[in-house]
Amino acid sequence: MRVGMGYDVHKLVEDRALILGGVCIPYEKGLLGHSDADVLIHAVMDALLGAAALGDIGRHFPDSDPKYKGISSMLLLEHVGSLLMENGYVVGNIDATVIAQRPKLAPYIETMRENMAKALKIEVSRVNVKATTEEGLGFTGQGLGIASSAVALIEAK
């Protein structure tokens, strides 16, 4: 059994869609990034890649490569799932937290879990997503950005 952790943060800006866990969430701002800037999926991918000692998302999906411009992070997560399988690993479980003052994410969490489980070809019971605020403190609390952290456990097949 192996454990990895991931963390990501993106700035909130106008004229971008807010995508978290593969869900387009109605909000006045979205996250700035080369891909769809899904901080939740980015943290989960880094946790999975780290657990397998396969580097990080920057190594596999560099923001200098135009083929990743605007790409859905769910497609990248599917690729990470394939990499794990190719290297003899299965996902034991994922526990992730989104840190955002707004918007409220509770109505979308179940769909986020389902999206990740489907992309990784695992049971939804192996994926947990939580959301929290920072009580108005820091860049997330001031609504300047959204962060996410994740821990993943993988096992050899």
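Residues numbered from 1 in each chain as written. Predicted model: local features only at pLDDT ≥ 70, side-chain atom pairs only at ≥ 80, totals over all residues. Heavy atoms only, no water.

1. Some points on the packing of helix α3 (residues 73-86) against helix α4 (residues 109-120)
Running from amino to carboxyl end, α3 crosses α4 at an angle of 45°, the nearest separation of the two axes being 8 Å. Comparing their axes, α4 and α3 come out oblique. Crossing geometry of α3 relative to α4 is assigned as right-handed. Contact residues: Met 74, Leu 77, Glu 78 and Gly 81 in α3; Asn 115, Met 116, Ala 119 and Leu 120 in α4. Class assignment for the residues of the contact of α3 with α4 results in five nonpolar, two polar and one charged. (Axes fitted to C-alpha atoms, helices over the stretch in contact; angles between N-to-C directions. Helix = DSSP H or I, 4+ residues; strand = E, 2+ residues; numbered from the N terminus. Parallel < 35°, antiparallel > 145°, perpendicular 65-115°, else oblique. Left-handed = near helix turned anticlockwise from the far one by under 90°. Contact = heavy atoms within 4.5 Å. Nonpolar A, V, L, I, M, F, W, Y, C, P; charged D, E, K, R; others polar.)

2. Notes on the pattern of salt bridges
The tally for this structure, following the rule as stated, stands at four salt bridges. Glu 28 is the salt-bridge partner of Arg 102, the closest N and O atoms lying 3.5 Å from each other. Linking Arg 102 in the loop between β5 (89-99) and α4 with Glu 28 in the loop between β3 (23-25) and β4 (30-31), this pair joins segments that are 74 residues apart in sequence. With a relative accessible area of 44%, Arg 102 lands in the partly exposed category. (Salt bridge = Lys/Arg side-chain N within 4 Å of Asp/Glu carboxyl O. Buried < 20%, exposed > 50% of the residue type's maximum accessible area, 1.4 Å probe, protein only.)

3. Some words on the side chain of Ser 35
For Ser 35, the location among the structural elements is in the loop between β4 and α1 (39-51). Ignoring sequence-local partners within four residues, the contact set of Ser 35 consists of Arg 16, His 42, Tyr 68, Gly 70, Ile 71 and Ser 73.

4. What about the pairing of strand β6 (residues 127-132)?
Here six bridges tie β5 to β6, and the two strands are oriented parallel to one another. Of the residues in β6, the one forming a bridge with Asp 95 is Asn 128. Following the chain from β5 across α4 to the adjacent parallel β6, one finds a crossover that is right-handed. (Pairing = 2+ DSSP bridges. Right-handed = clockwise from strand over helix to strand, strands pointing away.)

5. Re the sheet that holds strand β1 (residues 2-13)
Within a sheet, neighbouring strands are paired by backbone hydrogen bonds and run either parallel or antiparallel to one another. A sheet is described by the order of its strands in space; here five strands give the open sequence β4-β1-β7-β5-β6, paired in mixed fashion. Both outer strands of the open sheet, β4 and β6, are each paired with one neighbouring strand and no more. In the packing of α1 onto the sheet, contacts are made with β1, β4, β5, β6 and β7 (145-156), and the angle to β1 comes to roughly 155°. Here α4 sits on the sheet and contacts β5 and β6; the angle it forms with β6, its principal contact strand, is near 145°.

Structural measurements only, silent on function.
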